[in-house]
Amino acid sequence: MQLTARDIARIVGGKLIGDPDQLVTGFAGVREAAPGDISFLASPKYASAIKTTRASVLIVGNDLDITFAGTLIRVPDPSEAFATLVGHVAPPPIVFETGIHPTAVIAETVKLGQDVSIRSHAVIEDGAVIGDRTVVGAGSYIGHECRVGSDGRLYPRVSLRERTILGDRVTLHCGVVLGADGFGFETVDGKHQKIPQVGFVEIGNDVEIGANSAIDRGRFGRTHIGNGTKIDNLVQIGHNCVIGDNCIICALVGVAGSVIIGNQVTIAGQVGIAGHLTIGNKSIIMAQAGVTKDVPAGAIILGSPAVPHKEFKRAYAAMQRVPETLDKFHELERQLAEMRVRLTTTS
Amino acid sequence: MQLTARDIARIVGGKLIGDPDQLVTGFAGVREAAPGDISFLASPKYASAIKTTRASVLIVGNDLDITFAGTLIRVPDPSEAFATLVGHVAPPPIVFETGIHPTAVIAETVKLGQDVSIRSHAVIEDGAVIGDRTVVGAGSYIGHECRVGSDGRLYPRVSLRERTILGDRVTLHCGVVLGADGFGFETVDGKHQKIPQVGFVEIGNDVEIGANSAIDRGRFGRTHIGNGTKIDNLVQIGHNCVIGDNCIICALVGVAGSVIIGNQVTIAGQVGIAGHLTIGNKSIIMAQAGVTKDVPAGAIILGSPAVPHKEFKRAYAAMQRVPETLDKFHELERQLAEMRVRLTTTS
Amino acid sequence: MQLTARDIARIVGGKLIGDPDQLVTGFAGVREAAPGDISFLASPKYASAIKTTRASVLIVGNDLDITFAGTLIRVPDPSEAFATLVGHVAPPPIVFETGIHPTAVIAETVKLGQDVSIRSHAVIEDGAVIGDRTVVGAGSYIGHECRVGSDGRLYPRVSLRERTILGDRVTLHCGVVLGADGFGFETVDGKHQKIPQVGFVEIGNDVEIGANSAIDRGRFGRTHIGNGTKIDNLVQIGHNCVIGDNCIICALVGVAGSVIIGNQVTIAGQVGIAGHLTIGNKSIIMAQAGVTKDVPAGAIILGSPAVPHKEFKRAYAAMQRVPETLDKFHELERQLAEMRVRLTTTS
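Reading the values: rules and limits
- Residues numbered from 1 in each chain as written.
- Chains lettered and ligands numbered in written order.
- Predicted model: local features only at pLDDT ≥ 70, side-chain atom pairs only at ≥ 80, totals over all residues.
- Helix = DSSP H or I, 4+ residues; strand = E, 2+ residues; numbered from the N terminus.
- Buried ≥ 20, exposed ≤ 12 C-beta atoms within 10 Å, placed from the backbone.
- Least-squares fit on C-alpha atoms with pLDDT ≥ 70 in both.
- Pairing = 2+ DSSP bridges.
- Contact = placed C-beta atoms within 7 Å.
- Domains from an automatic or database assignment.
- Expected span 1.5 Å × (residues − 1).
- Arc of directions from axis to C-beta.
- Nonpolar A, V, L, I, M, F, W, Y, C, P; charged D, E, K, R; others polar.
- Core = buried A, V, L, I, M, F, W, Y, C linked by C-beta atoms within 7 Å.
- Axes fitted to C-alpha atoms, helices over the stretch in contact; angles between N-to-C directions.
- Parallel < 35°, antiparallel > 145°, perpendicular 65-115°, else oblique.
- Left-handed = near helix turned anticlockwise from the far one by under 90°.
- pLDDT = per-residue confidence, 0-100.

Trainee: Would you mind going over the overall build of chain A with me for this structure?
Mentor: What chain A contains, in helices and strands, is three helices and 40 strands. Counting across all 347 residues of chain A, residues that qualify as buried make up 52%.

Next comes the structure, spelled out in structure tokens:
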């Protein structure tokens, strides 16, 4: 990216205040910006960040009252203007040409939809079905009898074990593993015998799953991810979980087996959920919580073991007062002892 | 799956109560079941789940006293009957044909056992040895001088760095990485110099390792996983750990370097164990615990920092009483002040 | 490894006390050692470990006063002697021959430096540049327009999405994913619309990234890892993070989006850092901490939510006293009630 502040003011239709020849070589948030970057201020409440920003050019609202040593571009809606600019100069997205790379290994009984793109070294096993316009990235593995919907984007090196089902418009980032065996053993005389995991994984429409996340197949029946649910990187979902629609599951979350999660549930980073629990619709589980009980719909919980938000806050506030109260307590003991002496003397 | 309740009653040798023509299209646990599913009740203590199940057909014990709107199949042992049914209708397991796929790249000095199956795009480097009947999945990488035992199942896209040793009947799920360099640096003037990691990873017999888990090679000598130990997905085992036989290690656990773990130890999800500790036989470390001290044999510990189960419970119960006690404490202060006034007045 | 104690004494120039014919077959730390292993004692403070070690031979300092049933080799500097021995008998490191394996798929517009080694089934897309002497491991994927520096070591099965930039001397362990989309969605009527992630990942010089770790591309602009920073396995770094030079980030850490981390910061295992925070230079974040506020330079913090070290210790010590104090508190209440009765009686 090589634009002057003048070019940018023209692109976003803004009013330039400062040096029109200031060269802009990158984008960044106000706090992350380095010299040469352009940034923007979406809301006046972040105005204090301007004092320390290293950005060379800022896009701000027409009415914002600020002092800034660099160059300003004033617009009615800074967020929209910034998006316009990004859209204007962002590199074009990578388009994978349709067709089958000669190094891909596709079994004879595979059914490929219209305009698929099967990339180099991809492997598709017998009986699999790939929907129209789906991209199967380089080095990806689609196991026997999988069914992948249309308009899917499977980035390089994803692995779908046999009989995994994907809906339409599913995005799987690099390293995703769907359908590995559930972690199920029966312990006999201290040794762990494998319980056969003969189920499968079923992913709804419009689901996105982050890099190196893993979702295990059902012991029997399905492990299910509902439509529109978005899963971040390095997440573990155990066998036979049933996750609803439009949930958000952040990085490094672990969900044990047979957990039922409702719709529009938000699970923040590094949360752990014990097996066989039920998590209600629209509940929010805050970062690093350890969930050991069912969660009612709409609840906000945190802590390990997790408790409702209000309870945690009350307990946390109380904890803060403990050290000081312990000191006061000893003073009280002293006073009481003193009074007893006086009382004994008096009576 | 397309069976009537009548078919199923016949398969499991049960007594049908309800609609013999009820169509069954899937399996599920009582809580996860959707209409069309069959489920079962292993124990009367879960009978309350029947009130809310959406299963269409239930397999229950002969003597269980319940009300259920759908169709029942009564049998002497519901758990066994369900296993019979699953075994009857589960799809056949995938069998990988023996032989070497033409796209596999196998160095000249590799020794392959009888009836191995080397799948497409697998890579096996010089000096490696693969035991009889072992499957090396598509896109897997077996580094130089690795020794893989017999009857192994390496799913697609596992990576074994050089000189890794696997016993017999080892299962590695997709994305497993064995033998990456240990995380060892020496910091000189604020810069981190790499300490060479010239050891290796040695995995015993009958070990199973979950998707995208990573076990680092020793700095020198081995990182060892004992016979029969089962490791879940996304687990990190540091360099030079020595883990005993028949342990269970759940998802997202992190074990730092040089930790010694005994036999039959259970480590629940998201536990972290600091370096150079010793964890005794048959101890149990509960979910999300942060282990900072040696753990005696047979101990049950939890919390971060982790403490023995009883101590945690006592502390936790005390915590629960803190907010209320703080209120009482202020009342006590008030009373004491009042008494002092009276006592002063009196004396 | 097959050496006698006599051989080893000669290699390290030490004085042998015990059985010169004792066979040594491996290396290990004092605590992990098995019979046949040689170990060493770097510091007298670990001397107690000698009582329980199973090592057959020990390298110790000339002056150390110990009793050991096995064979001793005395040297001036045990740590150095052990390194000499390891260097002497460690297997030679694997060298990947330069050249391009015939199964690699390299787009026409790729620019390869001198003496690169592109291994089997690697894929390099259009417009990518690979620096001199860099090894691209088997099955690795280098996306469109990536720029990889010189002397890089990309182990098998890493994935670099389009436009990722690596400095010189970068080591990526197996399964690393750089440049997957950031986890950014805008929620409209309960549905999550994808925010385009048009930025990229930029890695400095001398960076090492552990197995199966993931670093997301910027929403716009860069996600940056500074020179000399070392990242362990299974770490998640969110979009637009800017991480400084010479940091240490341990396994299973999760850093949310747009976090700014200074230089020489140490982040222990399983730490979580919330989005948009600033972490000061040389700060230390202890294991499993949950960081919810900016961290000043030089601070040591721990806990979830994380607090400064001293505050945590004070609070933790106070907590330890709570159960006992609660008991005393009830005694105090009793005494006060008793005194009130006496006071009433008296007055």
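Trainee: What's the story with the relation of the copies chain C and chain B in this structure? I'm lost.
Mentor: Mapping between the two copies of the chain is achieved by a rotation about an axis and a shift along the axis. With an RMSD of 0.2 Å, chain C superimposes on chain B once it is rotated by 120° and translated 0.1 Å along the axis. Both copies are brought into coincidence by an operation consistent with a three-fold rotation axis.

Trainee: Is there a simple way to explain the sheet that holds strand β26 (residues 214-216) of chain B in this structure?
Mentor: Whether parallel or antiparallel, the strands of a sheet pair through hydrogen bonds between backbone atoms. Residues and elements named next belong to chain B. Taken in spatial order, the ten strands of this open sheet run β9-β12-β15-β18-β21-β26-β29-β32-β35-β38, and their pairing is parallel. Looking along the sheet, the strands with just one partner apiece sit at the ends: β9 (105-106) and β38 (290-291). In this sheet, strand β18 (residues 159-160) lies alongside strand β15 (residues 141-142) in parallel orientation, the contact comprising two bridges. In the sheet register, Ile 142 faces β18, and the bridge partner there is Leu 160.

Trainee: Just checking my understanding: could you explain the sheet that holds strand β34 (residues 266-267) of chain B for this structure?
Mentor: Read from one edge of the open sheet, twelve strands run β8-β11-β14-β17-β20-β25-β28-β31-β34-β37-β39-β40 (chain B), paired in mixed fashion. In this open sheet, the two edge strands, each paired with only one partner strand, are β8 (99-100) and β40 (307-308) of chain B.

Trainee: Please explain the environment of Leu 72 of chain B as it appears in this structure.
Mentor: All names here are of chain B. If you trace the backbone, Leu 72 turns up in strand β7 (residues 71-75). Placed 57 residues apart in sequence, Leu 72 and Val 129 show a C-alpha to C-alpha distance of 54 Å. Sequence-distant contacts of Leu 72, defined by excluding residues within four places in its chain, comprise Ile 17, Gly 18, Leu 58 and Val 60.

Trainee: Please clarify how the domain arrangement of chain A should be interpreted in this entry.
Mentor: Think of interface size as the accessible area that goes away when the parts come together; that is how it is often given. Per the domain assignment, the segments making up chain A are domain 1 (3-89) and domain 2 (158-305). Between the C-alpha centres of domain 1 of chain A and domain 2 of chain A there is a distance of 41 Å.

Trainee: When you look at the interface of chain C and chain B in this model, what are you seeing that I'm missing?
Mentor: Facing 51 residues of chain C, the contacting portion of chain B comprises 52 residues. Broken down by secondary-structure element, the contributors of at least two residues to the side of chain C that touches chain B are β4 (26-27) and α3 (309-346) of chain C.

Trainee: What's the story with the pairing of strand β27 (residues 222-225) of chain B in this structure? I'm lost.
Mentor: Across a regular strand the side chains alternate sides, sitting on one face of the sheet and then on the other. Residues and elements named next belong to chain B. Neither face of β27 is open: one carries Arg 222 and His 224, the other Thr 223 and Ile 225, and all of them are buried. Here strand β24 (residues 200-203) pairs with β27 via four bridges, running parallel. Of the residues in β27, the one forming a bridge with Phe 200 is Arg 222. Pairing of β27 with strand β30 (residues 242-243) involves two bridges; the strand directions are parallel. Considered in β30, the bridge of Ile 225 is made with Ile 243.

Trainee: Looking at this structure, how should I read helix α2 (residues 78-89) of chain B?
Mentor: The periodicity of an α-helix, 3.6 residues per turn, causes residues three or four positions apart to be oriented the same way. All names here are of chain B. Taking 1.5 Å per residue as the helical rise, α2 with its twelve residues ought to reach 16 Å, and the 16 Å between its terminal C-alpha atoms agrees with that figure. For α2, the full list of buried residues reads Pro 78, Ala 81, Phe 82 and Leu 85. Taken down its axis, α2 places every buried residue within 100° of arc, on the same side. Next to the buried residues of α2 lie α1 (5-12), β5 (37-40), β6 (57-61) and β7.

Trainee: Explain the interface of chain A and chain B here, please?
Mentor: With 51 residues of chain A in contact, the opposing surface of chain B contributes 51 residues. In terms of residue count, helix α3 (residues 309-346) of chain A provides more of the side of chain A that touches chain B than any other element does, 14 residues in total. In the side of chain A that touches chain B, the residues fall into 24 nonpolar, 19 polar and eight charged.

Trainee: Honestly, unusual backbone geometry in this entry has me stumped. Any pointers?
Mentor: Leaving glycine aside, a negative phi is the common case for residues, and trans is the common case for peptide bonds. The omega torsion of the bond from Ser 304 of chain A to Pro 305 of chain A falls at 0°, within 30 degrees of zero and hence cis. Structurally, Pro 305 of chain A is set in the loop between β39 (300-302) and β40 (307-308). Notably, Gln 270 of chain B is not glycine yet its phi reads approximately 65°, a positive angle. With respect to the helices and strands, Gln 270 of chain B occurs in the loop between β34 and β35 (272-273). The class for Gln 270 of chain B is buried, based on 29 C-beta atoms found within 10 Å.

Trainee: Before we go on, may I ask you to explain the environment of Ile 225 of chain B in this structure?
Mentor: All names here are of chain B. Mapped onto the secondary structure, Ile 225 falls in strand β27. Accessibility expressed as a C-beta count within 10 Å gives 29 for Ile 225, which makes it buried. Excluding anything up to four places from it in sequence, Ile 225 contacts Ile 203, Gly 204, Val 207, Ile 215 and Ile 243.

Trainee: Any chance you could explain α1 of chain B here in plain terms?
Mentor: Residue and element names in this part refer to chain B. Every buried residue of α1 is accounted for by Ala 5, Ile 8, Ala 9 and Val 12. One face of α1 carries all of its buried residues, which in axial projection span an arc of 100°. After α1 finishes, the residue Gly 13 shows a positive phi value of roughly 65°.

Trainee: I would appreciate a short explanation of the nonpolar core in the present structure.
Mentor: Within soluble globular proteins, side chains that are nonpolar generally end up buried alongside one another. In this structure, Ile 285 of chain A, Ile 285 of chain B together with Ile 285 of chain C are the most contacted members of the largest nonpolar core, which totals 209 residues. When neighbours within four sequence positions are excluded, Ile 285 of chain A is seen to be in contact with Ile 267, Ala 268, Val 271, Val 291, Val 295, Ile 301 and Ala 306 of chain A.

Trainee: How should the packing of α1 of chain B against α2 of chain B be read in this particular structure?
Mentor: Describing two packed helices takes the angle between their axes plus the distance from one axis to the other. Residues and elements named next belong to chain B. At their nearest, the axes of α1 and α2 sit 9 Å apart, and the two run at 110° to each other. On the basis of their axis angle, the class for α1 and α2 is roughly perpendicular. The handedness of the crossing between α1 and α2 comes out as right-handed. Together, Ile 8, Ile 11 and Val 12 of α1 and Ala 81, Thr 84, Leu 85 and His 88 of α2 make up the contact between the two elements.

Trainee: Would you explain the confidence of the model for chain A in this entry?
Mentor: Caution applies to low-pLDDT regions: their predicted coordinates should not be interpreted in detail. When pLDDT is averaged along chain A, the result is 93, and 99% of the positions lie at 70 or above. Interface predicted TM-score (ipTM) for the complex: 0.91; the corresponding pTM is 0.92.

Trainee: Even after reading the chapter, I still don't get the pairing of strand β6 (residues 57-61) of chain C, so can you show me in this structure?
Mentor: All names here are of chain C. By the criterion of burial, β6 is predominantly enclosed, with four of the five residues buried. Of the strand pairs in this sheet, strand β5 (residues 37-40) and β6 are connected by three bridges, and their pairing is parallel. Residue pairing in the sheet places Ser 39 in a bridge with Leu 58 of β6. As paired strands, β6 and strand β7 (residues 71-75) are joined by five bridges and run parallel to one another. The residue of β7 that forms the bridge with Ile 59 is Ile 73.

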